[in-house]
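Chain by chain, the residues run as shown.
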Amino acid sequence: MTVTTEPAARRRPRSGRAPWEEPPSPLGAATKAVLLTLLVAAVLLPLWVVLVTSLASRETIDAAGGMVLVPREVDPSAYLTIFNGGQISRAVWISTLVTVVGTALSLTLTVLAAYGLSRPGSVGHRGLLFFFLLTFLIFPGLVPSYLVVAGLGLKDSIWSLILPSAISVFNLVVIRAFFLNIPGELLDSARVDGAGELRILWRIALPLSRAVVAVVGLFYAVGYWNAYFNSVLYIDDNDMFPIQRVLQSYILAGQSPSVSGAAVSLPGITAYPPTLAVKMAVVVVTVIPAVIVFPFVQRHFTKGVITGAVKG
Amino acid sequence: MKPSLPGVSTDRRSVLRLIGLGTAATLGGGTLAACSKEAGSKGTATKADAIRSVLPTYKPAELLKPDIPGEGPIPDGYLAYPRQLVDAVTEQPGRGGPAIRTMSPWWGPTPPTLGKNSYLAAVNAKLGVDVDPSLQDGTTYADKLNAMLGARDVPDLLSIPNWEVDKIARFSDAAKALFEDLTDHLKGDAAATYPYLASLPTGAWEYSVWGGRLAAVPFPTDGPFGWALFHRKDLLDKAGLAAPTSPEELHELGRKLTDPAKGVWAFGTVFDMVQQFFGCQQIWRKKPGGGLEHKYENPAFAAALEFTAKLFADGLVHPDTVSSKGADEKQLFKSGKIVMYQDGLGAWQGMQSEQTKVLPSFNMQPLPVFGANGGKPLIWGSEKPIFFTFVKKGLGKDRVGELLRVLNWCAAPFGSREFELREYGVEGKHFTRSADGSPALTELGRREMGAQYTHIGGRVPVKVRSADTPNYVQEYLGYYNKNIGLMEKDLFAGIKLELPANWSKLLQPTEDKLRDILRGRRPLSDLEAVKKEFFATGGEEGRAFHEKALADNGR
């Protein structure tokens, strides 16, 4: 008897339940199913509606009175329209460039700074850390930031979208806390073997913190992809707009501004707003990269958040 | 969609200054109040007499006799496109100066930039100098402006919408420090050098004076009314229903039109129009015994609020409008899910043209206005120009002359070749000519044009018949000419007001509370409490400010 039951207990039974767990009541199971379905629907439904509307014809949209829930046909004309002008593809390219270059740069800077600040003996360690933390409390104003960026000649270049937000102190603190918790003995043993600080960081500290670095990388990447306001300030050249800026111009097109309770009649401006399908097509284009990248990082994501929570 | 960037507010800047890091904040000399209004701002008012003495002498430049002349601030209407065009500008405006950088607002996808845009190339060739436009999103224009003005980094020509100007604290100071004083170039008969700028209405120029000096070229409005209550006349006709002539009939009509089972409701947002039907002023009116009365104190406002709240309570308003501020009422209206909603008259032609392609019978019309309880309605409006174009300071007399000649070209009137090129581009490329001779934009035209020249040059507004909306000009001007007599007189016309900060920041929260009453989230009886709070926390200050401005001008 014992010989046969032991492996069975170790192996998960097909129901996915451990032997000491009771089967759920039908009501419990049903409630759970309904709740989870609702949750999933809450996430997927908006995406679905956006996708379907972007592929709907003008007649379908008018019949639905706006967003379309049930697809009646696949009409790619909205996508043809937006990729025809070249503006969207250019904006996607610029956003991709900013995201890739920005994330790489931010990660490098953050990891280096965090490691340096996590070593007790490093030069000016306390002062620098205090200085970093101070930026949590005191932010530069709009005008000084603008003056610095303009003064460095960064206006209308992708660097104006990267450098002002290259280091997030929050992320730096998270990574630093992680580095601090790596056992000192490990680092000492590397030192005994003759490794310098950079080698220790590269060979010991980084491999141990892969999860947190992945998560911070994701934070940065999403931040760069979604960044919008810096481009409002620093980009005058319409050809340099990142995708979020273009998205906004499509979504809000044709809405007459209203001023102290009266609409402003803008000659010619509201004449040819993009159709709802076109607007939604731009939304789809904007969302796709995040949807593609997220599953690959997700594995680290849960892990990273938990490690950060316990060790931070 | 409020942009959020850590550290973008005046408050934090004050903190900076406090702890002695303020040098960065005030880099570059002066201390222009760049961000939002400072709490201490008491507002200023420039006297009307000082304004009148610096205005250009008005000299109309009409090339063609209008078919439907517009009264006062109403544009002239033309029912046919002229077969013969005239050269309005004989001398090339550009003298080979460097490219002119401009910035103007735009509400929509931005067209390609200089070098990739054949429309810009065509117009620039005509101008003899390159105009290099930067179109910035109109909804976030204020953020951009604040940074630019604060950093003193402005383009050669900068177009600013009037409502953004009102939001910028101490704008007179900014104008003086950053923009060329145009008084000597354009005052009195000097304006004759730029005949089409001189043809812009004096009513618009009056608003272009800051600190007693002429600081900008105005872009006059082509429709002074704030709102119209649009209705789907095709749907009413189909149902055999007539336009209402009283609030009671409007309510009754709403009940007949609403059919939730079919997903149809009578109304979207209508409150501003209802206030006008009830004869309520937009903000202030003179009390018979002297002093000013705010609209909240007018019994007509309470009546309008009660009436509209009843529309909500009776379920005649579309649920999207009930539940959110940002319902896409245009789309609901196009689809016939709502039959009436208020919008600016600027929305009319575009929607009519667009929807006729899908539904030939589509017919949107402003509802004829009517009064309540036998009274007369009042229509809100103003002759305030839509935009102002400022010239960068310190470019030298010759360059300013070149810029003004370019603006003059951009203001060329209807019937000229310049007008056609500016509004429609090149024939065969950006537009094709319909059978009646009127231009219709091509796909390329729509993509490449963003009012790059129109928005900076003022221009005398006109309405021209176009093939896709054949009745629009008559209907538009018909509505205006019929109702212009009902338009409220602007007590402050020609007085430049920079409103006290306490007043400005009070408006939105109060509106939000009133919206709650409309939607039935607060009882109607709360109006008294809302009013009381309004006057206690800045309303009275606003009243004193406005009364003083009138008294100073002897009105």
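Along each chain, numbering runs from 1 in the same order as the chain's sequence is written. Chains and ligands are labelled by the order in which they are written, letters from A for the one and numbers from 1 for the other. Only residues with pLDDT of at least 70 get local features here, since the model is predicted, and only at 80 or more are side-chain atom pairs given and counted; chain-wide, interface and lining totals rely on the full set of residues.

**Some remarks on the overall build of chain A**
Consideration 1: Counting from the N terminus, the helices are the DSSP runs of H or I reaching at least four residues and the strands are the DSSP runs of E reaching at least two. A tally of helices and strands in chain A yields 15 helices and two strands.
Consideration 2: Neighbour counting defines burial: a residue surrounded by 20 or more other C-beta atoms within 10 Å of its own C-beta is buried, one with 12 or fewer is exposed, and intermediate counts give partly exposed, using backbone-placed C-beta atoms. Counting across all 312 residues of chain A, residues that qualify as buried make up 33%.
Consideration 3: Two residues qualify as being in contact provided that their C-beta atoms, derived from the backbone, are within 7 Å of each other. For chain A, the proportion of contacts with a sequence separation of at least 24, taken over those separated by at least 6, is 71%.

**Some thoughts on the overall build of chain B**
Consideration 1: Per the secondary structure count, chain B includes 23 helices and 19 strands.
Consideration 2: Radius of gyration means the value over C-alpha atoms here, while the globule rule gives 2.2 Å times the residue count to the 0.38 power. The C-alpha atoms of chain B give 24 Å as radius of gyration, which agrees with the globular expectation for 555 residues (24 Å, within 12%).
Consideration 3: Considering only contacts in chain B between residues 6 or more positions apart, those separated by 24 or more positions represent 78%.

**Examining the sheet that holds strand β15 (residues 387-391) of chain B**
Residue and element names in this part refer to chain B.
Consideration 1: Pairing between strands is defined by DSSP: at least two bridges between the two strands are required. Strand order in this open sheet of five strands is β4-β3-β5-β15-β8, and the pairing throughout is mixed. The open sheet has two edge strands with one neighbour each: β4 (131-137) and β8 (216-219). Between one strand and the next, the sheet's axes are offset by a mean angle of 25°, whatever the strand orientation.
Consideration 2: Bridge count for strand β5 (residues 157-161) against β15 is five bridges, and the pairing is antiparallel. Note on β15: the bridge partner recorded for Ile160 is Phe388.
Consideration 3: Where helices are involved, their axes are fitted lines through C-alpha atoms of the stretch in contact, as for all axes, and angles between N-to-C directions lie from 0 to 180°. Contacts between helix α5 (residues 141-151) and the sheet are confined to β3 (100-106), β4 and β5, with β4 contributing the most and set at about 120° to the helix.

**Quick word on the nonpolar core**
Consideration 1: The biggest cluster of nonpolar side chains holds 190 residues, and the ones touching the most others in it are A:Ile175, A:Val282, B:Leu197, B:Ala215, B:Phe267, B:Met340 and B:Leu407.
Consideration 2: Residue contributions to this core peak at ten residues, all from helix α12 (residues 210-226) of chain A.
Consideration 3: Every residue in contact with B:Leu407, bar those within four places of it in the chain, is listed here: B:Leu197, B:Val217, B:Thr389, B:Ile456, B:Gly457 and B:Gly458.
Consideration 4: A set of buried residues drawn from Ala, Val, Leu, Ile, Met, Phe, Trp, Tyr and Cys, joined through C-beta atoms within 7 Å, is what defines a nonpolar core. In this structure, B:Leu499, B:Trp503, B:Phe545 and B:Ala549 belong to the second largest nonpolar core, which totals five residues.

**Examining the environment of A:Leu51**
Consideration 1: Topologically, A:Leu51 is positioned in helix α2 (residues 26-54).
Consideration 2: Along the sequence, A:Leu51 and A:Ala33 sit 18 residues apart, while their C-alpha atoms lie 26 Å from each other.

**Some words on the domain arrangement of chain B**
Residues and elements named next belong to chain B.
Consideration 1: Here the limits of each domain have been adopted from an automatic or database domain assignment. Domain boundaries in chain B define domain 1 (50-84 + 95-221 + 385-467), domain 2 (226-380) and domain 3 (499-555).
Consideration 2: Placing the centre of domain 2 and that of domain 3 at their C-alpha centroids yields a distance of 23 Å.
Consideration 3: Breaking the side of domain 2 that touches domain 3 down by element, the ones donating at least two residues are β12 (292-294) and α14 (299-313).
Consideration 4: Top contributing element to the side of domain 2 that touches domain 3 by residue count: α14, with seven residues.

**Side note on the sheet that holds strand β14 (residues 364-366) of chain B**
Two modes of strand pairing occur in sheets, parallel and antiparallel, and in both the strands are linked by backbone hydrogen bonds.
Residues and elements named next belong to chain B.
Consideration 1: Spatially, the four strands line up as an open sheet ordered β10-β13-β9-β14, and their pairing is mixed. Each edge of the open sheet is held by one strand with a lone partner, namely β10 (265-267) and β14. For this sheet the average axis-to-axis angle between neighbouring strands, irrespective of direction, equals 25°.
Consideration 2: When strand β9 (residues 228-232) meets β14, the two strands line up antiparallel, connected through three bridges. By the bridge assignment, Phe230 is partnered in β14 with Pro366.

**Details of helix α14 (residues 243-251) of chain A**
Consideration 1: Where burial is concerned, most of α14(A) is hidden: seven out of the nine residues are buried.
Consideration 2: Within the sequence span of α14(A), burial applies to A:Ile243, A:Arg245, A:Val246, A:Leu247, A:Gln248, A:Ser249 and A:Tyr250.

**What about α12(A)?**
Consideration 1: For α12(A), built from 17 residues, the straight-helix expectation of 24 Å at 1.5 Å per residue is met to within 8% by its first-to-last C-alpha distance of 24 Å.
Consideration 2: Among the residues of α12(A), A:Val212, A:Val213, A:Val215, A:Val216, A:Gly217, A:Leu218, A:Phe219, A:Tyr220, A:Ala221, A:Tyr224 and A:Trp225 are the ones counted as buried. In this scheme, a helix's expected span is set at 1.5 Å multiplied by one less than its residue total.

**Comments concerning the environment of B:Glu354**
Consideration 1: Relative to the helices and strands, B:Glu354 resides in helix α17 (residues 348-358).
Consideration 2: Taking the C-alpha atoms as reference, B:Glu354 lies 9.6 Å from B:Lys334; in sequence the two are 20 residues apart.

**Quick word on the confidence of the model for chain A**
Consideration 1: Residue-level pLDDT values for chain A average 83, and 85% of them are 70 or greater.
Consideration 2: Scored from 0 to 100, pLDDT reflects the predictor's confidence in each residue. Contacts for the low-pLDDT stretch residues 1-6 of chain A, under 50 throughout, to residues beyond four places or in other chains number zero contacts.

**Notes on the pairing of β5(B)**
Residues and elements named next belong to chain B.
Consideration 1: Of all five residues in β5, five are buried; the element is thus mostly enclosed.
Consideration 2: With burial as the criterion, each face of β5 is covered, one bearing Leu157, Ser159 and Pro161 and the other bearing Leu158 and Ile160.
Consideration 3: As paired elements, β3 and β5 share two bridges and run parallel to each other. The residue bridging Met103 from the neighbouring strand is Leu158, located in β5.

**Quick notes on the packing of helix α5 (residues 87-118) of chain A against helix α9 (residues 169-180) of chain A**
The description of two helices packed together rests on the angle between their axes and the distance between the axes.
Residues and elements named next belong to chain A.
Consideration 1: Packing of α5 against α9 brings their axes to within 8 Å, and their N-to-C directions diverge by 50°. Put simply, α5 runs oblique to α9. Where α5 crosses over α9, the handedness of that crossing is right-handed. Across from Thr110, Val111, Ala113, Ala114, Tyr115, Leu117 and Ser118 in α5, the residues of α9 making contact are Asn171, Leu172, Ile175, Arg176, Phe179 and Leu180. The scheme is simple: roughly parallel for angles under 35 degrees, roughly antiparallel for over 145, roughly perpendicular for 65 to 115, oblique for anything else. By the definition used in this description, the sense in which the near helix is turned from the far one sets the handedness, with an anticlockwise turn below a right angle giving left-handed and a clockwise turn giving right-handed.

**A closer look at unusual backbone geometry**
Consideration 1: Located in the positive-phi region is A:Asp156, a residue other than glycine, with phi close to 65°.
Consideration 2: With phi around 55°, B:Arg152 is a residue other than glycine that occupies positive phi space.
Consideration 3: Along the chain, the position of B:Arg152 falls in the loop between α5 and β5.
Consideration 4: When the 19 C-beta atoms within 10 Å are taken as the criterion, B:Arg152 is described as partly exposed.

**A word on the confidence of the model for chain B**
Residues and elements named next belong to chain B.
Consideration 1: Predicted confidence across chain B gives a mean pLDDT of 86, with 91% of residues reaching 70 or more.
Consideration 2: Across residues 1-40 the pLDDT falls below 50, and counting only partners more than four positions away or on other chains, this stretch makes 63 contacts in the model.
Consideration 3: Per the prediction output, this complex has pTM 0.79; the corresponding ipTM is 0.76.

**Overview of the pairing of β9(B)**
Residue and element names in this part refer to chain B.
Consideration 1: Buried residues dominate β9, accounting for five of its five residues.
Consideration 2: The alternating pattern of β9 places Ala228, Phe230 and Arg232 and Leu229 and His231 on opposite faces, both of which are buried.
Consideration 3: Of the pairings in the sheet, the one linking β9 to strand β13 (residues 338-343) comprises four bridges and is antiparallel in character. Along β13, the bridge assignment pairs His231 with Met340.

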